[in-house]
Amino acid sequence: MGSEGPPAVTIHVTGFKKFHGVAENPTETIVSNLKEYMKKKGLPKGVILGSCSILETAGQGALASLYEIFRSSIKSKDSESSSPGRIIWLHFGVNSGATRFAIEHQAVNEATFRCPDELGWKPQKVPIIPSDGGISRVRETTLPVEEITKCLAKKGYEVMTSDDAGRFVCNYVYYHSLRFAEQSGTKSLFVHVPLFLTIDEETQMQFAASLLEVIAALY
């Protein structure tokens, strides 16, 4: 053991495709370009950038691919003979009305979609996971949201902590992810970003890189 320090953190990242009213989703660009960006910039010490996946902006219809990502990453964790390290799911979603980044503290067991998702589903006041209880059930991330926000603000980013991820697809995915994280001994975090018109692409890429660094340091 000696002075090796804690095992590396593997961070798996997801973004979303376009959806109603957002023709170009900034999270698709961020997540698609993240590996290349981090290759040039250099990954923070102790961070392994795992899968970078783009999800369909859909609830029920996108669950199969979401759980496939979850399961395949856990499988690769299990297959490593020595210490498998630690796993974090980092989800990016867009809030087109936002002027700053938002680190989401929790998700609610309620799907009330303001418009149909990309597969035409428009649930109203439906529990995301009925076996979890009613629509007021909340799941919280076990990552230190306040500290993450403070560290990012110190680096000069316009960022806030949020307790409301909405009731649309972002909240839907986050709820499933938090539940899976609890069951599998991993961690999950959702971050809302503004449009590139509000905060430009380069700043958002820098933010994503800084976020990886801060999460690893505070894990």
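Residues numbered from 1 in each chain as written. Predicted model: local features only at pLDDT ≥ 70, side-chain atom pairs only at ≥ 80, totals over all residues. Heavy atoms only, no water.

Caption draft 1: View of helix H1 (residues 26-41). By the largest-angle criterion, Leu34 marks the main kink of H1, which is about 50 degrees. Within the sequence span of H1, burial applies to Pro26, Thr27, Ile30, Val31, Leu34, Tyr37 and Met38. In this structure, the buried side of H1 is in contact with strand E1 (9-16), strand E2 (47-55), strand E3 (86-94), strand E8 (187-193) and helix H5 (201-218). (Bend = angle between axes of the 7 residues up to and from the residue. Helix = DSSP H or I, 4+ residues; strand = E, 2+ residues; numbered from the N terminus. Buried < 20%, exposed > 50% of the residue type's maximum accessible area, 1.4 Å probe, protein only. Contact = heavy atoms within 4.5 Å.)

Caption draft 2: Spatial organisation of the layout of surface pockets. Put simply, the largest pocket is a space of about 200 Å³. For the largest pocket, the lining is made up of 15 residues, of which Val94, Arg114, Phe168, Cys170 and His192 are closest to its centre. Elements with a contribution of two residues or more to the lining of the largest pocket: E3 and helix H4 (169-184). Here the lining of the largest pocket is built from residues that sort into seven nonpolar, seven polar and one charged. (1 Å grid on protein atoms, 1.4 Å probe; cavity = no way out; pocket = protein on both sides within 12 Å on 5 of 7 lines; lining within 4 Å. Points joined across faces, edges and corners; volume = space filled by probe spheres on them. Nonpolar A, V, L, I, M, F, W, Y, C, P; charged D, E, K, R; others polar.)

Caption draft 3: Looking closely at the sheet that holds strand E4 (residues 101-104). Here we have six strands laid out as an open sheet, ordered E2-E1-E3-E8-E4-E7, and mixed in their pairing. In the strand order of this sheet, the two ends are held by E2 and strand E7 (159-162), each with one partner. Averaged over all neighbouring strand pairs, the angle between strand axes comes to 25 degrees, with direction disregarded. Judged from the three bridges that link them, E4 and E8 form a sheet pairing that is antiparallel. Bridge pairing in E8 places Ile103 opposite Val191. Against the sheet, H1 makes contact with E1, E2, E3 and E8, and its axis sits at roughly 150 degrees relative to E2, the strand it touches most. Lying over the sheet, H4 contacts E1, E2, E3, E4 and E8, oriented at roughly 165 degrees with respect to E8. (Pairing = 2+ DSSP bridges. Axes fitted to C-alpha atoms, helices over the stretch in contact; angles between N-to-C directions.)

Caption draft 4: View of the side chain of His176. If you trace the backbone, His176 turns up in helix H4. Those residues in contact with His176 that sit more than four places away from it in its chain are Leu63, Leu66, Tyr67, Phe70, Ile128 and Ile129.

Caption draft 5: View of the packing of aromatic side chains. Under the defined criterion, the tally for this structure stands at 15 aromatic pairs. Look at Tyr67 and Phe70: their rings are 5.4 Å apart centre to centre, the planes differ by 85 degrees, and that puts the pair in the edge-to-face class. Residue Tyr67 and its partner Phe70 are located together in helix H2 (residues 63-79), separated by three residues, close to a single helical turn. Residue Tyr67 is classed as buried on the basis of its relative accessible area, which comes to 15%. Relative to Phe207, the ring of Tyr157 lies with its centre 5.3 Å away and its plane at 85 degrees, an arrangement referred to as edge-to-face. Placement of Tyr157 in the loop between helix H3 (145-154) and E7 and of Phe207 in helix H5 is noted, with a sequence separation of 50 residues between them. Among the residues examined, Tyr157 registers a relative accessible area of 13% and is labelled buried. We classify Phe207 as buried; its relative accessible area is 0%. Among the aromatic side chains, those forming a connected cluster through ring pairs are Phe19, Phe113, Trp121, Phe168 and Tyr172. (Phe/Tyr/Trp six-rings, centres within 6.5 Å; stacked < 30°, edge-to-face > 60°.)

Caption draft 6: Inspection of unusual backbone geometry at higher detail. Notably, Lys125 is not glycine yet its phi reads approximately 50 degrees, a positive angle. Here Lys125 is to be found in the loop between strand E5 (106-108) and strand E6 (138-140).

Caption draft 7: View of the nonpolar core. Grouped together as the largest cluster of nonpolar side chains are 64 residues, with contacts concentrated most on Leu90, Phe92, Ile103, Leu189, Phe207 and Leu211. Broken down by element, this core gets its largest block of residues, nine residues, from H5. (Core = buried A, V, L, I, M, F, W, Y, C linked by side-chain atoms within 4.5 Å.)

Caption draft 8: Up close: the pattern of salt bridges. Summed over all chains, the structure comprises 10 salt bridges. Among the ionic pairs, Glu110 bridges to Arg167, the shortest N-O distance being 3.3 Å. You can see Glu110 sitting in the loop between E5 and E6 and its partner Arg167 sitting in the loop between E7 and H4, a full 57 residues away along the chain. Classification of Arg167 as partly exposed rests on a relative accessible area of 27%. Here Arg139 makes a salt bridge to Asp132, at a shortest N to O gap of 2.9 Å. The exposure classification of Arg139 matches that of Asp132, with both residues buried. (Salt bridge = Lys/Arg side-chain N within 4 Å of Asp/Glu carboxyl O.)

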